Amino acid sequence: MMTFRQAHWDEPLIIERSSEGRVGFSLPSLEAPVDIPRALLRNRPPRLPEVSETEVIRHYLRLSQENYGVDSGIYPLGSCTMKYNPKLLDRLTATHKIQDLHPLQDNGSVQGILRILYELSESLAEIVGLNKVSLQPAAGAHGEFAGATIMRAYHRENGDEEKRDELIVPDSAHGTNPASAAMAGFKVVEIPSNSTGCVDIGALRSSLSPRTAGLMLTNPNTLGIFEADIVEIAEVVHEAGGLLYYDGANLNAMLGKAKPGRMGFDIVHINIHKTFATPHGGGGPGSGPIAVTKELERFLPVPTVERDGDRYYLDFDRPSSIGKIRSFWGNAAILVRAYAYILMMGRDGLEEVADISVLNANYLAKKLSQIRGLELPFPDKLRKHEFVLSAAKMAHETGVTAAHLSKRLLDFGIHPPTVYFPLIIKEAMMIEPTETVSKQEMDEAVNAFSKASDEAYSNPERLKDAPRNAAVTRIDEARASHPRTMELTWRRMTERQ
Amino acid sequence: MVEAHPFIPNSAPGTKEEMLREIGVREVQALFSDIPESIRKNSTLQLPASKSEIEVRKQVEDLLSRNLSTKDITSFLGGGAWPHHVPAAVDEIVSRSEFITSYTPYQPEISQGMLQALFEYQSMIAELMGMEFANSSLYDWATALGEAARMASRVNSRDEFLIPHYIQPDRLRTLQTFCEPAGIRIVEVAQDKRTGVFVEEDLRRKISSKTTGVYIESPSYLGFFENDAKRVGEIAHEKGALFIIGADPISLGLFASPGELGADIAVGEGQPLGNHMNYGGPMLGLFACRGDQLLRQMPGRLIGMTLTRDGSSKAFTMVLQTREQHIRREKATSNICTNEALCAVGAAAYLSLMGPRGLEKLCKTILANSAYAIRRLKELDGVTVPLFEAQHFKEFSVGFDGTGLTASHVNAKLLQRGIQGGICLHDQFRELGESALYSVTELHTREDIDRLVTAIEAILEER
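It should be emphasised that the depicted structure is a prediction, and the values quoted were computed from it without experimental measurement. (Residues numbered from 1 in each chain as written. Chains lettered and ligands numbered in written order. Predicted model: local features only at pLDDT ≥ 70, side-chain atom pairs only at ≥ 80, totals over all residues.)

Caption draft 1: Highlighting the overall build of chain A. Looking only at helices and strands, chain A features 17 helices and 12 strands. Taken against the 2.2 N^0.38 rule, which gives 23 Å for 497 residues, the C-alpha radius of gyration of chain A at 25 Å falls within 12% of a compact globule. Considering only C-alpha atoms, chain A reaches an extent of 70 × 70 × 45 Å along its principal axes. The buried share among the 497 residues of chain A stands at 60%. Across chain A, contacts joining residues at least 24 apart in sequence account for 72% of those joining residues at least 6 apart. (Helix = DSSP H or I, 4+ residues; strand = E, 2+ residues; numbered from the N terminus. Rg over C-alpha atoms; globule rule 2.2 N^0.38 Å. Buried ≥ 20, exposed ≤ 12 C-beta atoms within 10 Å, placed from the backbone. Contact = placed C-beta atoms within 7 Å.)

Caption draft 2: Examining helix H6 (residues 176–183) of chain A more closely. Counting buried residues along H6(A), eight of its eight residues qualify, which places the element largely inside the surrounding structure. Listed as buried for H6(A) are Thr176(A), Asn177(A), Pro178(A), Ala179(A), Ser180(A), Ala181(A), Ala182(A) and Met183(A). Elements in contact with the buried residues of H6(A): helix H5 (140–157), strand E2 (166–170), strand E3 (187–191), strand E4 (212–217) and strand E5 (243–247) of chain A together with helix H12 (325–328) of chain B. A positive backbone phi angle near 95 degrees is found at Gly185(A), which sits one or two residues after H6(A).

Caption draft 3: Broad picture of the sheet that holds strand E12 (residues 428–431) of chain A. Residue and element names in this part refer to chain A. Taking strand neighbours across the sheet as the criterion, the three strands line up as E10-E12-E11 in an open arrangement whose pairing is antiparallel. Only two strands of the sheet have a single partner each, and these edge strands are strand E10 (387–390) and strand E11 (418–419). Looking at chain direction, E11 and E12 are connected through two bridges and run antiparallel. Bridging from a neighbouring strand, Val419 pairs with Met429 of E12. (Pairing = 2+ DSSP bridges.)

Caption draft 4: A look at the packing of helix H4 (residues 111–128) of chain A against helix H11 (residues 332–368) of chain A. Residues and elements named next belong to chain A. Running from N to C, H4 and H11 cross one another at 60 degrees; their axes reach a closest spacing of 10 Å. With respect to H11, the element H4 is oriented oblique. Relative to H11, H4 is oriented so that their crossing is left-handed. Contacts between H4 and H11 involve Ile113, Ile116, Leu117, Glu119, Leu120 and Ser123 from the first element and Ala332, Leu335, Val336, Ala338, Tyr339 and Ile342 from the second. Looking at the contact of H4 with H11 residue by residue, the classes come out as 10 nonpolar, one polar and one charged. (Axes fitted to C-alpha atoms, helices over the stretch in contact; angles between N-to-C directions. Parallel < 35°, antiparallel > 145°, perpendicular 65-115°, else oblique. Left-handed = near helix turned anticlockwise from the far one by under 90°. Nonpolar A, V, L, I, M, F, W, Y, C, P; charged D, E, K, R; others polar.)

Caption draft 5: The arrangement of the sheet that holds strand E1 (residues 132–134) of chain A in detail. All names here are of chain A. Across the sheet, which stays open at both edges, the seven strands sit in the order E1-E7-E6-E5-E4-E2-E3 with mixed pairing between neighbours. The open sheet has two edge strands with one neighbour each: E1 and E3. Each strand axis lies, on average, 25 degrees off the axis of its neighbour in the sheet, ignoring direction. Looking at chain direction, E5 and strand E6 (residues 267–269) are connected through three bridges and run parallel. Looking at the pairing, Tyr245 lines up with Ile267 of E6.

Caption draft 6: Molecular detail of the environment of Gln297(B). Here Gln297(B) lies in the loop between helix H11 (292–296) and strand E9 (302–307). Residues Gln297(B) and Arg194(B) lie 103 residues apart in sequence; the distance between their C-alpha atoms is 38 Å.

Caption draft 7: Quick peek at the interface of chain A and chain B. In this complex, chain A contributes 173 residues to the contact, which on the side of chain B involves 162 residues. Among the elements that take part in the side of chain A that touches chain B, H11(A) stands out by supplying 24 residues, more than any other. In terms of residue class, the side of chain A that touches chain B is made up of 90 nonpolar, 48 polar and 35 charged.

Caption draft 8: The arrangement of the domain arrangement of chain B in detail. Residue and element names in this part refer to chain B. Entries for chain B in the domain assignment read domain 1 (1–42), domain 2 (74–82 + 355–461) and domain 3 (88–350). Relative placement of domain 2 and domain 3: their C-alpha centres are 28 Å apart. Each side of the interface is counted separately: domain 2 has 22 residues, and domain 3 has 25 residues. Every element with two or more residues in the side of domain 2 that touches domain 3 is listed here: helix H13 (341–378) and strand E11 (395–399). Per-element tally for the side of domain 2 that touches domain 3: the top contributor is H13, with five residues. Residues that form the side of domain 2 that touches domain 3 fall into these classes: 11 nonpolar, six polar and five charged. (Domains from an automatic or database assignment.)

Caption draft 9: The arrangement of the confidence of the model for chain B in detail. Residues with a pLDDT of 70 or more make up 100% of chain B, whose mean pLDDT is 96. Under the prediction, the complex receives an ipTM of 0.97, its pTM being 0.97. (pLDDT = per-residue confidence, 0-100.)

Caption draft 10: Structural context of helix H7 (residues 141–156) of chain B. Residues and elements named next belong to chain B. In this model, H7 (16 residues) spans 23 Å end to end at C-alpha, consistent with the 22 Å of a helix rising 1.5 Å per residue. Most of H7 sits out of view: 13 of its 16 residues are buried. Looking at the residues trailing H7, positive phi occurs at Ser157, about 55 degrees. (Expected span 1.5 Å × (residues − 1).)

Caption draft 11: Summary view of the pairing of E5(A). Residues and elements named next belong to chain A. Summarising burial for E5: five of the five residues are buried, a large majority. Neither face of E5 is exposed, since Leu243, Tyr245 and Asp247 on one face and Leu244 and Tyr246 on the opposite face are all buried. As judged from the four bridges shared by E4 and E5, these two strands associate in the parallel manner. Directly across from Leu215, in E5, lies its bridge partner Leu244. Crossover connection from E4 via helix H8 (residues 230–239) to parallel E5: handedness right-handed. (Right-handed = clockwise from strand over helix to strand, strands pointing away.)

In structure tokens, the structure reads:
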């Protein structure tokens, strides 16, 4: 068993390191003082730290050491596809040839980046089996919002907008699906899963009506099970006049195996920071391009990246477009990384990604489901990129919940699974190893789960005060969100003291 | 594929076989047998074969080398993304692999570093904006504005949002996309032709009991300040509307903060705070507000400081998650999940380095540089600069109507001399005639500005 001890610096807030007169910057000397009308000036300077560059570097380096990333170890957070981020990608973008490009530069000076964006769009369209791509969404949820807005525009053009105001979402969907649907102005109709964890076609049929705008679905679903009835699902939704939206969070296992376009989806978003190995940055920046069928092309956000012979350009002349969903053209620095990743992997490498991500998930599912107190619902089904374990038996028998178990895993240097999601499984632990972990790392994880299970059945109380080896012990979450004790800034904090 | 893949350890044939034996299947393809054949056979990828790191590096570097960056040519573009100095220490901090390769800090005990950095970011943005709370980032200024309008409407159940006439086109169009599904109507308020200030009669005519919020920018898209922003806020509040200010965070080292001007919500673009322009993305959406009622309606992730359960140490964690999509689903305050966390860490590092003195000095440097540029450009016959009689910061409009040349002609001729001129304004604001928006920061030297002036002078002589 691996031992793990995360750094703990007890690092003060950077403002507590402040000492009057210290600076961490240097600027060219000022030549001419400028007079500003007093009324425009700030009365109170912002309370920012006065610290030297040395102190800033040490402070943030220490904080980084109190943070766990994919480079630290296994990170099987379900539906997040925390795969290894090849280092070349970060090197390639650390150049002024991308960092110091202004988005409004003359077309002639940005041919290199435009060609990269164009070719990436083409590759992504090929990978998902659809016609045209917009690279603009900054994240998956942003892509969902753009996609749902395209649905509205499509129904509006058909004179159906008022009528078609319902978007159907399964109860196992990612939380962003219903949130994005609502944000785009739809009523959300939730349908239950059937006894095999898949879309209940009967329930789907009975929820379809002339008010249906479409269905949002991820396939494989959040249980990691492929919706084998997808062709029929697509048919009934289309027959009812609705569109199919594909949540690309679970695309990893489908690369070269099942293109969403071939499954019958009309709109797809792609989580670049999941499937295409760009780093997630502690929560972002990501990138969430969308791809659509030929019929929906004209609705894509402006501008699109186009090619005319050897020249690449941004096309703003798109009268049916839904308009803008953000400033400028997309998270270019992330997209360049994805371009390089796809080049490196090629068709063979991407198929290998699908193969091994599925092999790893099935291997780990088999091993973990043999551990006392853990169960794999729908055991006869194949899994794709991920699977969901239930710790309900353990919770019932020992009082040790999925949350307790997760916290104990931290002590072994393992990032815990996504817990309590999807909502349809009790004490859910959603596990996605990805293709980039080794068998040995998975075996170590199995040992850690196994040890935690032994503890649960022998000495459950001891397990409940985990973690002990992380930077801090179990956090008081209730205090954190309580109106009387909540601290969201250092000013509030010091005013209270 | 015979060889194993460098990022896929279990692609080694021996390992693969061993794992298949454990699962009890003969080949990997059997794990995909539940996918209908009709889909499988049409899903092969028509892409080139894999390439080595050597080949990919060469190919991508070659393509990128065809770009001319703002380090290769002198550029006066701003208007939503600005060239500012990014201290080396900031680049170093945001390159820490523990930060870069982590996910959203759902497991706070092993994510304290990211959480503390984001708490510090929230604290610093709240300070700059003069507001009580800031979230831990949105995508960019444009989407932050869209979220602000929707938040205002949720708070007071009204559906008209007042905006200034002079607003960046992407910001306006994004706002429209965000407002339309929520049934919020956007109403433009006139700005004085000479000074750029809100025309009070027009504001009073348009504001009503339907108005959910009044939005101004300080400084405006065209670089000038609203002379009496407080007054606009008072009028908004008299009618029960929220007052929302969009601000350039750099300007806040010297100029009045949204909080001091009476704003209820503040938004802005955080890219200038230690983040590169990156051809327009990623950007960093700043979002701040005041009051507990607004806090509960705030979009995006919030980090709070608390204690460990045993009280042994301070600790950080995500708070008020019941506003967010993963808990509240269709009733969430926003659909946002992935945000711009690493850019926020960069901003926190940047603001720590600059401190209050650095930011103030930076503002004065930018003011001195742009004042110099305005003074020099004024020497040119027929050139009007700026078009508005007001205090400007960083950006200013340059009118070419008196020269008989179009702004796009001037830009084309400047390009031939290795200079990227400002943003042409004619398409969006016809009343401004042939004009362009120029941006000058601390990166522009006197020589750069002199070269611009000499070049325009030569273009004028060519007429």
